[in-house]
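For reference, the chains in residue letters:
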Amino acid sequence: MTAVDISSLQTEGRNPRTADIDSLPTEEVVTRMHHEDLVAAQAVEPCISVISQAIDAISPKVRRGGRVIYMGAGTSGRLGVLDASEIPPTYSAPPTQFVGLIAGGDYAIRNPIEGAEDIPEKGKEALEELKLDPELDTVVGIASSGRTPYVLGGLAYAKSIGCTTAGIACASPSEMETSGNVDYMITPITGPEVVTGSTRMKAGTATKMVLNMISTGVMIRIGKTCGNLMVDVKVSNLKLRARSRRILRTICGDTFYVINDDKSVSSSPQTIPNDTTGDLLIDRTIAACDESVKLAIVVSKTGLSPAEAKLELTTAEGVLDRVLKEHAKC
């Protein structure tokens, strides 16, 4: 294997602000860590424009059924898997809409398989298994160093077949940046780590922030929120059921249409008490709408049947605000 010199990377430098960290009182150790974390957040700000461009390029593809594939190794791969795995429960998205690939496969999520990242062909093979659609799918390569062979191989393959590509690295210049295989290069320069080379720290924090922005931004653009409310939340536990009730009450107020015992919609709006009785009425409405909070909101605000409300949401490309504004005109 050819030796690689990574000593010049910003992420591999020695941080002069933490050189004596092992001799400090614990509170000072934590204070310096915190100050360095603030640097990570600041490093993302210069990237806002390109992150926005990436979101605007990805969103129309996702709306048409496209996928976003994150790929990385080690911490970078785990962060991609984490972000992808949180989209289905948060936004009722299909589990295949955001996909996290990590060098070494799922076993590497909990166990280090360091050599797995060094083979470019493995990145290509992982993407080939997904049978990418160049018209719809986007590949996002994640590598703090910007040089991970697994990621570079995947990006090269994705670009060669015409997919939209994005890259996240915390070093510049980098092989990822200069490869010509990345349409949207996102480079938060976080500098040397608290513990030299431990990129799970500042680089990982900045990467997590960027991934949050990409996935959340795409979900907002395709209508998964109404204002800042998570209207496409999946009602899968007690906490999310309580949140769903609050969302309905926030958007619909105290008076709205409900589903009757016979599953018909009430002929006129009803006052919903802010108690257990009201909660049961809301739960019944959500249940009649296939546990879709968004659908239940349309029914509750308009008096449409669940089937009629679903048709209107489909016509509005799933954007709740469009449906509500259209009915407000009536």
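Residues numbered from 1 in each chain as written. Predicted model: local features only at pLDDT ≥ 70, side-chain atom pairs only at ≥ 80, totals over all residues. Heavy atoms only, no water.

A few points about the nonpolar core
No. 1: If you look at the biggest cluster of nonpolar residues, it comprises 33 residues, and the most contacted ones within it are V231, I247, I251, I297 and L320.
No. 2: Every element with two or more residues in this core is listed here: α8 (238-252), α9 (276-288), α10 (293-302), α11 (306-315) and α12 (320-328).
No. 3: The element best represented in this core is α10, accounting for 6 residues.
No. 4: Counting residues in each nonpolar core, the second largest holds 29 residues, with C47, A84, Y91 and V210 among its members. (Core = buried A, V, L, I, M, F, W, Y, C linked by side-chain atoms within 4.5 Å. Buried < 20%, exposed > 50% of the residue type's maximum accessible area, 1.4 Å probe, protein only. Helix = DSSP H or I, 4+ residues; strand = E, 2+ residues; numbered from the N terminus.)

Description of the side chain of D232
No. 1: Looking at where D232 falls in the secondary structure, it is placed in the loop between α7 (202-221) and α8.
No. 2: With residues near it in sequence (within four places) discarded, D232 still touches T90, Y91, S92, G223, K224 and K294. (Contact = heavy atoms within 4.5 Å.)

A closer look at the pairing of strand β3 (residues 138-142)
No. 1: Burial within β3 is extensive, with 5 of its 5 residues counted as buried.
No. 2: Neither face of β3 is left uncovered, since the one carrying T138, V140 and I142 and the one carrying V139 and G141 both have all their residues buried.
No. 3: Here strand β1 (residues 68-72) runs beside β3; their pairing, made up of 5 bridges, is parallel. Looking at β3, one finds that I69 is bridged to V139.
No. 4: Here 5 bridges tie β3 to strand β4 (residues 164-168), and the two strands are oriented parallel to one another. What sits directly across from V140, in β4, is A166. (Pairing = 2+ DSSP bridges.)

With respect to the sheet that holds β4
Two orientations exist for strands paired in a sheet by backbone hydrogen bonds: parallel and antiparallel.
No. 1: The parallel open sheet is built from 5 strands, whose spatial order is β2-β1-β3-β4-β5. Here the strands that pair on one side only, and so sit at the sheet edges, are β2 (98-102) and β5 (184-186). Ignoring which end each strand starts from, the neighbouring axes of this sheet average 15 degrees apart.
No. 2: Bridge count between β4 and β5: 3 bridges; the pairing is parallel. Bridged to I168 within β5 is I186.
No. 3: Across the sheet, helix α3 (residues 74-91) touches β1, β2 and β3, and the angle it forms with β2 is around 160 degrees.
No. 4: Sheet contacts for helix α4 (residues 120-128): β1, β2 and β3; angle to β1, the most-contacted strand, approximately 155 degrees. (Axes fitted to C-alpha atoms, helices over the stretch in contact; angles between N-to-C directions.)

Details of α12
Residue pairs spaced three or four apart in an α-helix point in one direction, given the helix's 3.6 residues per turn.
No. 1: L320, V323 and L324 are the residues of α12 that are buried. In a view along the axis of α12, the buried residues occupy a sector of 95 degrees, so they form one face of it.
No. 2: Looking at the buried positions of α12, the neighbouring elements they touch are α8, α10 and α11. (Arc of directions from axis to C-beta.)

Looking at the packing of aromatic side chains
No. 1: On inspection of all chains with the given rule, the structure shows 1 aromatic pair.
No. 2: Between Y70 and F98 the ring centres are 5.9 Å apart and the planes differ by 55 degrees, which places this aromatic pair in the tilted class. Linking Y70 in strand β1 with F98 in strand β2, this pair joins segments that are 28 residues apart in sequence. Each member of the pair, Y70 as well as F98, carries the same accessibility label: buried. (Phe/Tyr/Trp six-rings, centres within 6.5 Å; stacked < 30°, edge-to-face > 60°.)

Here we look at the domain arrangement of the protein
No. 1: Annotation of the protein at the domain level lists domain 1 (26-222) and domain 2 (225-328).
No. 2: Its C-alpha centre places domain 1 at a distance of 35 Å from the equivalent point of domain 2.
No. 3: Taken together, the contact between domain 1 and domain 2 spans 9 residues of the former and 8 residues of the latter.
No. 4: Interface area, domain 1 with domain 2, both sides summed: about 700 Å², of which 51% is carbon and sulfur.
No. 5: Put simply, domain 1 and domain 2 have 0 salt bridges between them.
No. 6: Sorting the residues of the side of domain 1 that touches domain 2 by element identifies α3 and α7 as the ones contributing at least two each.
No. 7: With 4 residues, α3 is the single largest residue contributor to the side of domain 1 that touches domain 2.
No. 8: Within the side of domain 1 that touches domain 2, the residues separate by chemical class into 6 nonpolar, 2 polar and 1 charged. (Domains from an automatic or database assignment. Buried area = accessible area lost by both parts, 1.4 Å probe. Salt bridge = Lys/Arg side-chain N within 4 Å of Asp/Glu carboxyl O. Nonpolar A, V, L, I, M, F, W, Y, C, P; charged D, E, K, R; others polar.)

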